[in-house]
Amino acid sequence: RTKTTFASLAAHKAAGEPIVMVTAYDYPSAQIADAAGVDMVLVGDSAAMTVLGYDSTIPVTVDEMLMLTAAVRRGLSTPLLVADLPFGSYETSDEQAVATAMRFVKEAGADAVKIERGGSSVDRARALVAAGIPVMGHVGLTPQTAATIGGYRSQGRTASDALAIRDSAAALQEAGCFAIVFEAIPTPATDAIMPHLEIPVIGIGAGPGTDGQVLVFHDLLGIYDGHAARFVKRYAELRAPMVEAVAAYAADVRERRYPEPRHEYGMPEDQVAHLTQ
Ligand code: KIV
Ligand code: NA
């Protein structure tokens, strides 16, 4: 398997070959994504909910995201590694955005960063690209600003809203983003916007017409015990067998069925004899 590059992503789009992206948040999930042969891995700020137990992406910090990103880096060989800049770490100024993104690249080994929204984020994207940091955009449902867009609901359901998303996406492309996420956008809106973009569009709840798809690791594997959005497809139900396995261990310990002789370390007989002196 060859390493994913920004050029190979563009080539996938040009050839009409779907791009596969999944989130990962630690070393084992990164190794699993890598072994499965995905093209891109996102250390999403969805980590706030999936692995840190917050109830939104708002509270997750740069330091928390850096630790997760560094762990994912150690588990990846060929996929491109994109890290989300968390809420509050890039909005204030171009300088803030570049300083934060540099930490993800230099300290955690990210290949690229992702920021949410159009508007001021277009300027941030331009500044990041000028500083030499590849940037992915993210439009439609932007969870960091869910409160200002009417909550966790699809975006672009009116023609004027869809055209606003188109304009944001085009501006992010013009600012130099190498790709863009479309989240929770009605399929007719996505299909109307796609012809206006040359960069790869990675969809999540944006229909089949994008250049690729992304899903959250814990959603697709059925590990996360929470509300699943409409776009989630569960390819496994791993939470139940994980709970069963830990419960079986607990029962074995309580019934003294574990450990068994094969789990024990031995000692030379002559040494055992000395123990009783
Ligand atoms: O944080 C995340 O997991 C994301 C994807 C859903 C695109 O931003
Ligand atoms: Na995110």
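Note that the structure is predicted; figures quoted are calculated from it, not measured.

> Would you mind going over the overall build of the protein in detail, with residue names and values included?
The helix and strand inventory of the protein stands at eleven helices and eight strands. The C-alpha extent of the protein, read off along each of the three principal axes, is 85 × 40 × 35 Å. Evaluated residue by residue, the protein yields a buried proportion of 43% over its 277 residues. The long-range share in the protein, meaning contacts at least 24 apart out of those at least 6 apart in sequence, stands at 60%.

> Tell me what's going on with the site of ligand 1, and back it up with residues and numbers.
Around ligand 1, the neighbouring residues are Thr 23, Leu 42, Gly 44, Asp 45, Ser 46, Asp 84, Val 181, Glu 183, Ile 204, Val 214 and Val 216. For the shell around ligand 1, the per-class residue count stands at five nonpolar, three polar and three charged.

> Which residues make up the pairing of strand S2 (residues 40-43), and what values go with them?
The alternating pattern of S2 places Met 40 and Leu 42 and Val 41 and Val 43 on opposite faces, both of which are buried. The sheet contact formed by strand S1 (residues 19-23) and S2 spans three bridges and is parallel. For Thr 23, the partnering residue across the bridge sits in S2 and is Leu 42. Traced from S1 through helix H2 (residues 27-36) to S2, the parallel crossover comes out right-handed. As paired elements, S2 and strand S3 (residues 80-84) share four bridges and run parallel to each other. Within S3, the residue paired with Leu 42 across the bridge is Val 82.

> Any details on the packing of helix H4 (residues 62-75) against helix H5 (residues 94-106)? Residues and values, ideally.
Direction vectors running N to C along H4 and H5 enclose 25°, while the axes themselves pass 9 Å from each other. The pairing of H4 with H5 is recorded here as roughly parallel in orientation. Taken as a pair, H4 and H5 cross one another with a handedness that is right-handed. Two secondary-structure elements touch here, H4 through Val 62, Leu 66 and Thr 69 and H5 through Thr 100, Arg 103 and Phe 104. Of the residues that constitute the contact of H4 with H5, the class distribution is three nonpolar, two polar and one charged.

> I'd like a rundown of the sheet that holds strand S4 (residues 112-114), residues and numbers included.
Taken in spatial order, the eight strands close into a barrel running S1-S2-S3-S4-S5-S6-S7-S8, and their pairing is parallel. In this sheet, adjacent strand axes meet at a mean angle of 25° when their direction is disregarded. The strands touched by helix H7 (residues 159-174) within the sheet are strand S5 (135-140) and strand S6 (179-183), with S5 carrying the most contacts at an inclination of about 175°.

> How would you sum up the environment of Ser 46? Please name residues and give values.
Topologically, Ser 46 is positioned in the loop between S2 and helix H3 (47-50). Ignoring any residue separated from it by four or fewer positions in sequence, one finds Ser 46 in contact with Thr 23, Thr 57 and Val 216.

> Outline the UniProt feature "binding site: 3-methyl-2-oxobutanoate" (unreviewed entry) in the protein, listing residues and values.
As recorded in UniProt, the feature "binding site: 3-methyl-2-oxobutanoate" (unreviewed entry) lies at Asp 45, Ser 46, Asp 84 and Lys 114. The annotated residues occupy 70 residues of the chain but converge on a single region, no pair of C-alpha atoms lying more than 12.5 Å apart. C-beta crowding within 10 Å serves as the criterion here: with 21 such atoms nearby, Ser 46 is assigned to the buried category. Along the chain, Asp 84 turns up in strand S3. The buried category is assigned to Asp 84, around which 30 C-beta atoms lie within 10 Å.

> I'd like a description of unusual backbone geometry, backed by residues and values.
Following Tyr 258, the chain continues to Pro 259 via a peptide bond in cis, the omega torsion being 0°. Positionally, Pro 259 belongs in the loop between helix H10 (239-254) and helix H11 (269-275). Positioned with a positive phi, Ala 184 is a non-glycine residue whose angle comes to about 50°. Along the chain, the position of Ala 184 falls in the loop between S6 and helix H8 (187-193). In this model, Arg 256 sits at a positive phi of 60°, which is unusual for a non-glycine residue. Structurally, the position occupied by Arg 256 is in the loop between H10 and H11.

> Could you give an account of the nonpolar core, naming the residues involved and the relevant values?
Core analysis: the largest hydrophobic core is formed by 70 residues, its most contacted members being Val 41, Val 82, Val 113, Val 135, Cys 177 and Ile 180. Beyond its immediate chain neighbours, meaning those up to four positions away, Val 82 contacts Met 40, Leu 42, Ala 110, Asp 111, Ala 112, Val 113, Lys 114 and Met 136.

> Quick rundown of the packing of H2 against H4? Include the residues and the values.
At a minimum axis distance of 7 Å, the contact between H2 and H4 shows a crossing angle of 40°. When the axes of H2 and H4 are compared, the pair comes out oblique. Considering the relative orientation of H2 and H4, their crossing is right-handed. On H4, the residues touching Tyr 27, Pro 28, Ala 30, Gln 31 and Asp 34 of H2 are Ala 71, Val 72, Arg 74 and Gly 75. Broken down by class, the residue content of the contact of H2 with H4 amounts to five nonpolar, two polar and two charged.

How each quantity is defined
Residues numbered from 1 in each chain as written. Chains lettered and ligands numbered in written order. Predicted model: local features only at pLDDT ≥ 70, side-chain atom pairs only at ≥ 80, totals over all residues. Helix = DSSP H or I, 4+ residues; strand = E, 2+ residues; numbered from the N terminus. Buried ≥ 20, exposed ≤ 12 C-beta atoms within 10 Å, placed from the backbone. Contact = placed C-beta atoms within 7 Å. Near = placed C-beta within 6 Å. Nonpolar A, V, L, I, M, F, W, Y, C, P; charged D, E, K, R; others polar. Pairing = 2+ DSSP bridges. Right-handed = clockwise from strand over helix to strand, strands pointing away. Axes fitted to C-alpha atoms, helices over the stretch in contact; angles between N-to-C directions. Parallel < 35°, antiparallel > 145°, perpendicular 65-115°, else oblique. Left-handed = near helix turned anticlockwise from the far one by under 90°. UniProt positions renumbered as here; feature names shortened; annotations may be inferred. Core = buried A, V, L, I, M, F, W, Y, C linked by C-beta atoms within 7 Å.

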